[in-house]
Amino acid sequence: MYLITFIIALGAAEVSYLGTDGFSNSSHTNILRSKRRTDCNADEHACSDFCIPLERQCDGVLDCSDGSDEASCERFFQYQCLDGKRISVDKRCDGTKDCADGSDETHALCRKMSCPDYLFRCTYGACVDGTAACNGVTECADESDELQPRCRDQSDIVGDKFRCKSGDLIDLFLACDGNADCADRSDESLRGCAGAVCQTNLFQCAYGACVDEGADCNYIQECADGSDESDLLCNRTITTTTTTTEAQIIVAPKTCSVPDHPRNGLYRLASPATSNRYLTLNVSCKPGYKLVGDETIHCYSGVWSVETLPTCVRSCKLQPSDSVVYRCLVTEYGGIDSTRDCGKEELDGTTVQPECRRPNYYSPQDLPYMFCTDGHWNYKPKCYPECGTVTPKGEILVIGGGMAERGAVPWHVGIYLKNMTAETHNQICGGSLISTSIVISAAHCFWHEKIQQLPSYLYSVAVGKLYRDWDHPYDSLYAQRRDVSKIELASRFYGADLNYQYDLAVVVVNEPFYYRPYIRPLCLDFDPKLNEEQLRKGNMGKVAGWGLTTGYAGSESPVLKVLDVPFVPFDDCVNNTSRDYKEFLAADKICAGHANGTTLCKGDSGGGLAFPALVQSTSRYFLRGVVSTSPPARDTRLCNLYSYTGFTNILAHESLIKAYWYV
């Protein structure tokens, strides 16, 4: 029986194909000359019974019947090409194809070559002359020495973008990553990636792209050209056996092979592959694309766990919002639209109906639909905090015989000084919430006449409170408490030295408050026209505090008191103020009050004076002043019950407030 075994060697070849007589059947046998050994010329090698050209000696092919033409050649030829030819080892990975099949200049063979500094390294790994780059002569087998970016007049990099050969721009991080993002695939070509330098822990594809460590031979194509899974690199072979008497057919079990990567996505082995009959893949998508299908898929004996392989579809991010509720439209049977809760990422073509998160946020106009197109929403909806509105229902508290409700001043903030030794909090001032993290108060609340500004770590603030005590149990369902991270005083404030001019502070808390029905910001508007309309003689404003109720120490109110006070024009205020206090009525002060025994006192400092205005049929309160000073009492009381109160005008501190305020 005559048996022939064909071995398709996909690794480095180590076999020759011989005829039945033991001689090479290669095409050059026709140049053999039958001569006596002594008759061979100087440029010929003498076999035992004929001569062959000298260049056929030590070429890896057996020509002489005595084998003398290939004897003792190891010292000259140490690398064997895939076609069986042997070449000098110094001709391997030198940029020139010396093997007829080019197997001496492949990425699989040369990729780990280390080139000296004075040589140029081709993209596939070969080392050539150091002047090879951009000299007009191709010296690398893959021509990468003449395809370097510096060889062209125009760079492919435009800021943080990569310019495709077609002229389209893609994000720079998408170029040379193993997946084609340019329509013409130029971002994953030798021209686009020849100059790429990969980190040592990454795998470099034959054309230059950088992919994950361990990408080589993991049964997942991660290089666009497949060079990480090439049969030559992975030394994979196929063997077929036939006979002249019978055809022996071996039916192998069905195997699992990794499919092409999903467009804009990637397959990764869930665990090292131990058999080609079992395969588990994890699927991921590039940023800006959402996975449609299972994140993990399994294959057993050629059968996948899913009917349709996962895909990566362009998508739009939809970050959760405190102010906006997103509802995605769904078209039901019959064309009737309904909605569902939107996810954090929605597919291209999704339509969203945004709504303000009521009752704490609103929009002055209806919000139009949002559309996800090519990875971007057509606009970003804006909802505004329900600023300056009082809560219509709530707990009651008594104010001088009248009734007030929790939420009557939902913007009011308690300023507390920490007692580090006793680990207690003492309420000393008030303030106004203008955003989730910013409180406006009086500068003198954070000032010591000798030390000057006190450090922020001494203070805490609380919102949503009715009761003065820091941890009063009746506030537990409503109050939110924060430490202070920063206090910014008006730059010209110097306490009593300048008669408490510029008495305003911006307080920043260590983490945001959350708006609730009993916690809302006070409106701000620096329009002089609105300011003038609100600050007219007799217009009633609202102010609150836990200050002294009798003017004597120890009479602090245990519950928040709200006082409606009229605005007093500056001239009236000056004319009805004692001479020794007039100097405190500086240019940044406004006046308000009754001067009839109902007034503000110690502990109320920093509280906001707010006036209402009708905005699109809604009554909203706007911050106009901050409780600052009042004339001293004529008796032993700590405050004058029969005087107007001086407030710091916020319009005079617009730049400071706007530096921190955000809606």
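Residues numbered from 1 in each chain as written. Predicted model: local features only at pLDDT ≥ 70, side-chain atom pairs only at ≥ 80, totals over all residues. Heavy atoms only, no water.

Draft legend 1. Spotlight on the side chain of Arg 620. Counting through the fold element by element, Arg 620 comes out in strand β42 (residues 618-629). With a relative accessible area of 3%, Arg 620 lands in the buried category. Here the side chain of Arg 620 touches Glu 386 through a polar contact of 2.8 Å, side chain to side chain. Not counting residues within four places of it along the chain, the set of residues in contact with Arg 620 comprises Tyr 362, Glu 386, Cys 387, Gly 388, Thr 389, Cys 523, Phe 611, Pro 612, Ala 613 and Val 615. (Helix = DSSP H or I, 4+ residues; strand = E, 2+ residues; numbered from the N terminus. Buried < 20%, exposed > 50% of the residue type's maximum accessible area, 1.4 Å probe, protein only. Polar contact = N/O pair within 3.5 Å; in protein donor to acceptor, adjacent residues only side chain to side chain. Contact = heavy atoms within 4.5 Å.)

Draft legend 2. Representation of unusual backbone geometry within the structure. Residues Arg 358 and Pro 359 are joined by a peptide bond in cis, for which omega reads 10°. We note that Glu 423 has phi near 55°; this positive angle belongs to a residue other than glycine. Mapping Glu 423 onto the fold places it in the loop between β30 (412-419) and β31 (424-433). Its relative accessible area of 69% is what places Glu 423 among the exposed residues. Although it is not a glycine, Tyr 500 adopts a positive phi angle of roughly 60°. Looking at the secondary structure, you find Tyr 500 in the loop between β36 (480-489) and β37 (505-509).

Draft legend 3. Representation of the sheet that holds strand β23 (residues 351-356). Taken in spatial order, the five strands of this open sheet run β21-β20-β23-β25-β26, and their pairing is antiparallel. Edge positions in the sheet fall to β21 (337-341) and β26 (376-377), since each has one partner strand and no second. Sheet topology places strand β20 (residues 324-331) next to β21; five bridges connect them, and they run antiparallel. Opposite Cys 328, over in β21, you have Arg 340 as the bridge partner. (Pairing = 2+ DSSP bridges.)

Draft legend 4. Up close: the sheet that holds strand β14 (residues 265-269). The strand order across the open sheet built from four strands is β14-β15-β17-β18, with neighbouring strands paired in antiparallel fashion. The strands lining the two open edges of the sheet, one partner per strand, are β14 and β18 (303-304). Pairing analysis gives two bridges linking strand β17 (residues 296-300) to β18, with the strands arranged antiparallel. Directly across from Cys 299, in β18, lies its bridge partner Trp 304.

Draft legend 5. Fine view of the pattern of salt bridges. This structure, assessed with the given rule, holds 19 salt bridges. The salt bridge partner of Lys 286 is Asp 181, with a shortest N-O separation of 2.4 Å. Highlighted residues: Lys 286 in the loop between β15 (278-285) and β16 (289-292) and Asp 181 in the loop between β10 (169-171) and α2 (190-193), separated in sequence by 105 residues. For the pair formed by Lys 286 and Asp 181, the shared burial category is buried. For Lys 317, the salt bridge goes to Glu 345, with nearest N and O atoms at 3.9 Å. With Lys 317 in strand β19 (residues 311-317) and Glu 345 in strand β22 (residues 345-347), this residue pair connects regions lying 28 residues apart in the sequence. In this structure Lys 317 comes out as exposed when scored by relative accessible area, which is 52%. (Salt bridge = Lys/Arg side-chain N within 4 Å of Asp/Glu carboxyl O.)

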